[in-house]
Amino acid sequence: TQNLVAPGTLTVSGASITATGGQIVFPATQVPSANANTLDDYEEATWTGTLTGCTTAPTVTVNPVKIGAFVYLNVPGFSATSNATTKTITGMPAQYRPASQQRGFFFGATDNGAAIVVGAVIVDADGTINLYAGPNNNAWTGSGAFASTAIHLCYQVLV
């Protein structure tokens, strides 16, 4: 076994990886590899999503983690006043959009301030996060208090 000590930047086959304080830093722009066994992309970020279907279009801070071809998306719980029977979160940056429509995610919600439901999530390829009342993609009550628990999603993205 040999130890490699790299106090700054390590260049391997023309690509640079920065190693500082026990951390590996990937470049800001992905340098994709044709080798399926190469981890060439890792990113933690935040973006501001806009909740539609509620008054004043409240925003939520979404926390994505992108590892290779997969995104782990965390939306914190939020509350608002409903003004429509459909709810979406918009504003997803292109690098976090799924390769195709993704279904099968669930979360807890209150509809019209009282009814607790299991909400369903569908993420469209354009990055729109659609929120539904119940697993059969039902509509929400068009008025009253609306609240969501945290939503956690994992799906494959275009690379």
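Our subject is the structure that appears above.
Residues numbered from 1 in each chain as written. Predicted model: local features only at pLDDT ≥ 70, side-chain atom pairs only at ≥ 80, totals over all residues. Heavy atoms only, no water.

## Quick word on the environment of Leu-131
Here is step 1 of the chain: Locating Leu-131 in the fold gives a position in strand 12 (residues 129-133).
Here is step 2 of the chain: Note: C-alpha distance between Leu-131 and Lys-87 (44 residues apart in sequence) is 5.3 Å.
Here is step 3 of the chain: Excluding residues that lie within four positions of it along the chain, Leu-131 makes contacts with Leu-51, Phe-78, Lys-87, Ile-89, Phe-107, Ala-120, Val-121, Trp-140 and Ile-151. (Helix = DSSP H or I, 4+ residues; strand = E, 2+ residues; numbered from the N terminus. Contact = heavy atoms within 4.5 Å.)

## Structural notes on the side chain of Ser-82
Here is step 1 of the chain: As for its placement among the helices and strands, Ser-82 is situated in strand 8 (residues 78-82).
Here is step 2 of the chain: Here Lys-87 takes part through its side chain, which lies 2.7 Å from a polar atom of the side chain of Ser-82.
Here is step 3 of the chain: Of note is the side chain of Ser-82, whose polar atom sits 2.9 Å from the backbone oxygen of Thr-141.
Here is step 4 of the chain: In this structure, Ser-82 is in contact with Gly-53, Cys-54, Lys-87, Thr-141, Gly-142, Ser-143, Gly-144 and Phe-146, ignoring residues within four places of it in sequence. (Polar contact = N/O pair within 3.5 Å; in protein donor to acceptor, adjacent residues only side chain to side chain.)

## Brief notes about the pairing of strand 14 (residues 151-156)
Here is step 1 of the chain: A one-sided burial pattern is seen for strand 14, the buried positions being Ile-151, Leu-153 and Tyr-155 and the unburied ones His-152, Cys-154 and Gln-156.
Here is step 2 of the chain: Sheet analysis places strand 7 (residues 70-75) next to strand 14, joined by six bridges and oriented antiparallel. Each bridged residue has a counterpart across the sheet, and for Val-71 the counterpart in strand 14 is Tyr-155. (Buried < 20%, exposed > 50% of the residue type's maximum accessible area, 1.4 Å probe, protein only. Pairing = 2+ DSSP bridges.)

## Section: the packing of aromatic side chains
Here is step 1 of the chain: Applying the stated criterion across every chain yields a total of three aromatic pairs.
Here is step 2 of the chain: Through a chain of ring-to-ring contacts, three or more aromatic side chains come together here, namely Phe-78, Phe-107, Trp-140 and Phe-146.
Here is step 3 of the chain: Positioned over the ring face of Phe-146 is Lys-87, at 5.4 Å from the centre of the ring. (Phe/Tyr/Trp six-rings, centres within 6.5 Å; stacked < 30°, edge-to-face > 60°. Lys NZ or Arg CZ within 6 Å of the ring centre and 35° of its normal.)

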